[in-house]
Amino acid sequence: MTHTRWIVGTLLVTLGAMGMGGCYYDFSDEGDDARPSSTPPSYGSESSSSATRWSGRADTFRGDLGTVEGFDGTQATLSGTDYGTSSSVRIDAENTDARWWAMTQLSISGTLRHPSLVPGAHLVFNRSNRTTRTGAGAAPLFMSVLGCSGPRLNQFTYDQGAEEVTVDVSAGPTEDTRRLAFDAKFNGPTGEQHVTGSFVFETQ
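Residues numbered from 1 in each chain as written. Predicted model: local features only at pLDDT ≥ 70, side-chain atom pairs only at ≥ 80, totals over all residues. Heavy atoms only, no water.

A.B. asks: Looking at this model, I keep getting lost on the overall build of the protein. Mind explaining?
C.D. replies: For the protein, the helix and strand inventory stands at 1 helix and 14 strands. The buried share among the 204 residues of the protein stands at 46%. In the protein, of all internal contacts separated by at least 6 residues, the share reaching a separation of at least 24 is 59%. Only carbon and sulfur atoms are counted for the fraction: they give 45% of the accessible area of the protein, which is about 10200 Å². (Helix = DSSP H or I, 4+ residues; strand = E, 2+ residues; numbered from the N terminus. Buried < 20%, exposed > 50% of the residue type's maximum accessible area, 1.4 Å probe, protein only. Contact = heavy atoms within 4.5 Å. Areas by Shrake-Rupley, 256 points an atom, 1.4 Å probe, with all protein chains shown as cover.)

Here it is in structure tokens:
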């Protein structure tokens, strides 16, 4: 039986579970052609049918993650999902010639449209300081980051939640956009590691 490891979105169950892994192991016995299920496991009560999805490219994505060190994800792919009360953003970078892949998945409880995410905002989220940021009449805001890396897309040898996430928000290229930059701190195989990235998102 071939044990193929695959990533799935575990955001709704890990919004407050920093430091815990979130990758999914598909122990199917379908041989080397095994594929992940077309329908990932369901977490939480929010319906995926009502989710809004978007995609693009990250502005920046680089760092050290597991055994993938010093990566620079030029043209890293970006995929986001808004669930109504939460958002998720996944960034993937891969170099097939050098045989590496790195991914971070941001979970945002309170969504990217939270009133705290305004230009000039500097926010820190970690496991020991669980303070959430709340705007007037808004739901609490909390962010966590899952990091995975390995030799190729969706085959991981490292799977860990960030110990701390620092977020800075600035104005985007147009009036209805903003840019979010993050620095995620991980416990790597030999010590502290960081992954930084940035991307533009719409505010409407």
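Here the narrative resumes, following the displayed structure.
A.B. asks: Whenever I open this one, the pattern of salt bridges confuses me. Can you help?
C.D. replies: Where charged atoms from two side chains of opposite charge approach closely, those side chains can pair. Considering all chains together, one arrives at 4 salt bridges under this definition. We note a salt bridge from Arg90 to Asp92, for which the minimum N-O separation is 2.6 Å. With respect to class, Arg90 is no different from Asp92; both count as buried. (Salt bridge = Lys/Arg side-chain N within 4 Å of Asp/Glu carboxyl O.)

A.B. asks: Would you mind going over unusual backbone geometry with me for this structure?
C.D. replies: Trans is the common state for peptide bonds, and a negative phi is the common state for residues other than glycine. We note that Gln75 has phi near 65°; this positive angle belongs to a residue other than glycine. Looking at the element boundaries, Gln75 is found in the loop between β5 (68-72) and β6 (77-82). Since its relative accessible area comes to 53%, Gln75 is described here as exposed.

A.B. asks: Sorry if this is basic, but what is going on with the sheet that holds strand β8 (residues 100-109) here?
C.D. replies: Sheets are built from strands paired through backbone hydrogen bonds, the pairs being either parallel or antiparallel. Reading across the sheet, the 6 strands line up as β3-β6-β7-β8-β10-β11 and stay open at both edges, with antiparallel pairing between neighbours. Two strands in the sheet have a free side with no partner beyond their single neighbour: β3 (52-57) and β11 (158-161). Taking each pair of neighbouring strands and ignoring which way they run, the sheet shows an average axis angle of 15°. Two strands pair when backbone bridges link them, and strand β7 (residues 86-95) and β8 are joined in this way by 10 bridges, in the antiparallel orientation. Among the inter-strand pairings, Ser88 is bridged to a residue of β8, identified as Ser107. (Pairing = 2+ DSSP bridges. Axes fitted to C-alpha atoms, helices over the stretch in contact; angles between N-to-C directions.)

A.B. asks: Explanation requested: the packing of aromatic side chains in the structure shown.
C.D. replies: To describe a pair of aromatic rings, one takes the distance between the centres and the angle between the planes. Applying the stated rule across the entire model yields 5 aromatic pairs. Between the aromatic rings of Phe71 and Trp100, the centroid separation amounts to 5.6 Å while the plane-to-plane angle is 40°, which identifies the pairing as tilted. Within this pair, whereas Phe71 is found in strand β5, its partner Trp100 is found in strand β8, the two being separated by 29 residues in sequence. A relative accessible area of 4% places Phe71 in the buried class. Residue Trp100 is classed as buried on the basis of its relative accessible area of 15%. Ring centres of Tyr158 and Phe186 lie 6.5 Å apart, and the angle between their planes is 75°; this geometry places the pair in the edge-to-face category. Separated by 28 residues along the polypeptide, Tyr158 in strand β11 and Phe186 in strand β13 (residues 177-188) bring together distant segments of the chain. (Phe/Tyr/Trp six-rings, centres within 6.5 Å; stacked < 30°, edge-to-face > 60°.)

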